[in-house]
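# Structure at a glance
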Amino acid sequence: METLILKVDESIDGQDAIEKAAKIIRDGGLVAFPTETVYGLGGDATNARSARRIYKAKGRPSDNPLIVHIARVEQLAEAAEDIPDVAYELAKTFWPGPLTMILKKQRSIPRNTTGGLDTVAVRLPDNEVARELILQSGRLIAAPSANVSGRPSPTNAKHVYNDLAGKIDAIIDDGDSVVGLESTILDLTSDIPMILRPGVITRADLEQVIGRVGVDSAIISDDESNPKAPGMKYRHYAPKASLVVVEGDAYRVANYINSQVCDLRSEGHKTGVIVAEENAPMYKADIVKSVGSLEHEEEIAHNLYSILREFDNEDIDRIYSESFNDDGIGQAIMNRLLKAAGHRKVNANQESITRIIFVGKNGASRSPMAAAILKSMELNKDYEILSRGILVQFPEPLNPKIEAVLTGNGIEVEDFHAKELSDEDINSTTILFTMEESHKKRIIDKLAKANEGNTFVLSTYVGNELEIPNPYGGSLQLYGLCFESIKKTLEDLVNILDQSRSKEELK
Ligand code: AMP
Ligand code: MG
């Protein structure tokens, strides 16, 4: 079957695009059409044959019901019966818009459309083309997302074409979907209205209108064994490469992902990462895609599927994604992201730091001093503490003035020769500290495994901004000053390390 691409405002054989599509629907055919959430695959909701064709084209399990789309609130009674007042209150506030209500089914809606259930899902989309199509067809339109089952939902006509060309009669092209994630599904047949699928209309939004609203526990836990929306039990939204979601503090997440990328690269694999715009500079992957700003969650919702699909065109084996805050719209984002990942999730904070490396320019002065001081301090966990130089031409011994200051302060000095920092020194549990910003930059530029997630200026990391003077060529007194400021800064570091240690123990 040839799939017609219908551009809105275009005319085909003397008929305008929507009129043409409406006729296809009336004749029992399938048309993918734009909505504000994602593109839908539409057929006549009252025609059992159309419903069967939809399931077949998508490869969708037949127990996964379709959403019935209406164009006017008055049409609600054509799809549902025993409609409670709250449905009309919600319609007044949120329709047209990304809210789907589950109600008792009208007899005119066949069970093929509702996946065998006595209830029906209804929505009035906020897209004029969609509403016009419904009105001109003279039917209610049943439509799931217009993707092959299991793939990310389509947010433009090209996504639909890639999945369904040759399997459906037509696609109406109306550019990008504004919202980008599927509607919030609210079940109004239970005692307390219950969210079965989170969307950009949040629980708080709904509660403002109708009071208490519950959330199906299957969508907030990792255990999805028995969700109330049949469709939520299937693996969904998945890109071709395997996806892993990494949660934790932003730096730790970046460090973990960067280190995985390096390991995979050494095995010949290419990796992509999905990150918030603000965090993108911390990453060193083969392909880094920014999904939007943390300040604008609706931007992340809008871009997510499209980015998952973009990765399908790249030759990559693995995708890592940062994790996002999971309240409000974030709950919908995390629900889709974790489903796309098949719930593969890692907590980067649990990867504890085991090696601390102080790095200086030549590795024979402030960095071994810092390493020696930290080794002399009491920490409630053992760390491997090293010092390295960015460029070490000779294995220089310790600067004699450093040695004098250290022994003068009762700190033992071991046999020491400077060593150059290399990628072999760094793994996912390593943290690197420099005394100066310019050193940090050079390290990150020079070494594949150093990045903004594991390489820090010491004083910035501890947040005291105390300047650690470069004593090179100065008096013994200046070396003493340097000792004092490093010591003070390391005391703050010990506090931070011990704190994160006790957090780990609490888990
Ligand atoms: P899609 O249109 O692809 O976004 O999928 C529609 C979603 O709505 C699926 O998760 C369905 O399980 C859910 N759904 C549709 N009708 C019902 C219903 N009567 N009861 C519960 N969930 C439903
Ligand atoms: Mg879907």
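Residues numbered from 1 in each chain as written. Chains lettered and ligands numbered in written order. Predicted model: local features only at pLDDT ≥ 70, side-chain atom pairs only at ≥ 80, totals over all residues. Heavy atoms only, no water.

Bringing the overall build of the protein into the picture now. A count of helical and extended segments in the protein gives 15 helices and 23 strands. With the C-alpha coordinates of the protein rotated into their principal frame, the extents come out at 90 × 50 × 35 Å. Across the 507 residues that make up the protein, the buried fraction comes to 56%. For the protein, long-range pairs separated by at least 24 residues make up 69% of all intrachain contacts whose partners lie at least 6 apart in sequence. Here the protein displays about 21800 Å² of accessible surface, and carbon together with sulfur accounts for 46% of that area. Taking the 58 positively charged and 78 negatively charged side chains of the protein as two groups, their mean positions are separated by 5 Å. (Helix = DSSP H or I, 4+ residues; strand = E, 2+ residues; numbered from the N terminus. Buried < 20%, exposed > 50% of the residue type's maximum accessible area, 1.4 Å probe, protein only. Contact = heavy atoms within 4.5 Å. Areas by Shrake-Rupley, 256 points an atom, 1.4 Å probe, with all protein chains shown as cover. Lys, Arg positive; Asp, Glu negative; His and termini not counted. Charge placed at Lys NZ, Arg CZ, Asp CG, Glu CD.)

As a further point, take the site of ligand 1. Taken together, 21 residues lie around ligand 1, and Arg60, Thr119, Pro144, Arg197 and Gly231 are the ones closest in. Residue Asn64 places a side-chain N or O atom 3.1 Å away from an oxygen atom belonging to ligand 1. Arg197 places a polar side-chain atom, nitrogen or oxygen, 2.7 Å from an oxygen atom of ligand 1. The fraction of the free accessible surface of ligand 1 (490 Å²) that becomes covered by protein chains is 95%. Where the shell around ligand 1 is concerned, the elements lending two or more residues are β9 (119-123) and β13 (194-197). Among the elements that make up the shell around ligand 1, the one with the highest residue count is β9 (three residues). Residues belonging to the shell around ligand 1 are distributed by class as follows: 13 nonpolar, four polar and four charged. (Near = heavy atom within 4 Å. Polar contact = N/O pair within 3.5 Å; in protein donor to acceptor, adjacent residues only side chain to side chain. Nonpolar A, V, L, I, M, F, W, Y, C, P; charged D, E, K, R; others polar.)

Attention now goes to the environment of Ser217. Along the chain, the position of Ser217 falls in the loop between β14 (214-215) and β15 (242-247). Owing to a relative accessible area of 51%, Ser217 belongs among the exposed residues under this scheme. Along the sequence, Ser217 and Ala146 sit 71 residues apart, while their C-alpha atoms lie 27 Å from each other.

Moving on, we get to the sheet that holds strand β22 (residues 430-434). Judged by pairing direction, the sheet is parallel, and its four strands sit side by side in the order β21-β20-β22-β23 without closing on themselves. Two strands bound the open sheet, and with one partner strand each, they are β21 (384-389) and β23 (455-457). On average, adjacent strands in this sheet sit at an angle of 25 degrees to one another, irrespective of strand direction. As paired elements, β22 and β23 share three bridges and run parallel to each other. (Pairing = 2+ DSSP bridges. Axes fitted to C-alpha atoms, helices over the stretch in contact; angles between N-to-C directions.)

Moving on, we get to helix α13 (residues 437-446). Within the sequence span of α13, burial applies to His439, Lys440, Ile443 and Ile444. Across the axial projection of α13, the buried residues extend over an arc of 130 degrees, all falling on one side. In this fold, the buried residues of α13 make contact with β20 (355-360), α11 (366-376), β22 and β23. (Arc of directions from axis to C-beta.)

Time to look at empty space enclosed by the protein. Counted under the stated rule, the structure contains one cavity of 30 Å³ or more. Estimates place the volume of the largest cavity at around 30 Å³. In terms of lining residues, the largest cavity is bounded by Gly389, Ile390, Leu421, Ile443, Lys446 and Leu447. (1 Å grid on protein atoms, 1.4 Å probe; cavity = no way out; pocket = protein on both sides within 12 Å on 5 of 7 lines; lining within 4 Å. Points joined across faces, edges and corners; volume = space filled by probe spheres on them.)

A few words now on the side chain of Asn347. Turning to its location among the elements, Asn347 is positioned in strand β19 (residues 345-347). Here Asn349 takes part through its backbone nitrogen, which lies 2.8 Å from a polar atom of the side chain of Asn347. Discounting residues that sit within four places of it in the chain, Asn347 has contacts with Glu247 and Gly248.

Turning to the packing of aromatic side chains, a few remarks are in order. Counted by the stated rule, this structure contains six aromatic pairs. Between Phe358 and Phe433, the ring centres sit 6.0 Å apart and the planes meet at 35 degrees, which makes this aromatic pair tilted. Of this pair, Phe358 sits in strand β20 while Phe433 sits in strand β22, placing them 75 residues apart in sequence. The pair Phe358 / Phe433 is uniform in exposure class, with both members buried. Look at Phe433 and Tyr461: their rings are 5.1 Å apart centre to centre, the planes differ by 65 degrees, and that puts the pair in the edge-to-face class. With a gap of 28 residues between them, Phe433 in strand β22 and Tyr461 in helix α14 (residues 458-462) connect regions that are remote in the sequence. Classification of Phe433 as buried rests on a relative accessible area of 0%. Classification of Tyr461 as partly exposed rests on a relative accessible area of 27%. Taken together, the ring pairs in this structure connect Tyr251, Phe358, Phe433, Phe456 and Tyr461 into an aromatic cluster. (Phe/Tyr/Trp six-rings, centres within 6.5 Å; stacked < 30°, edge-to-face > 60°.)

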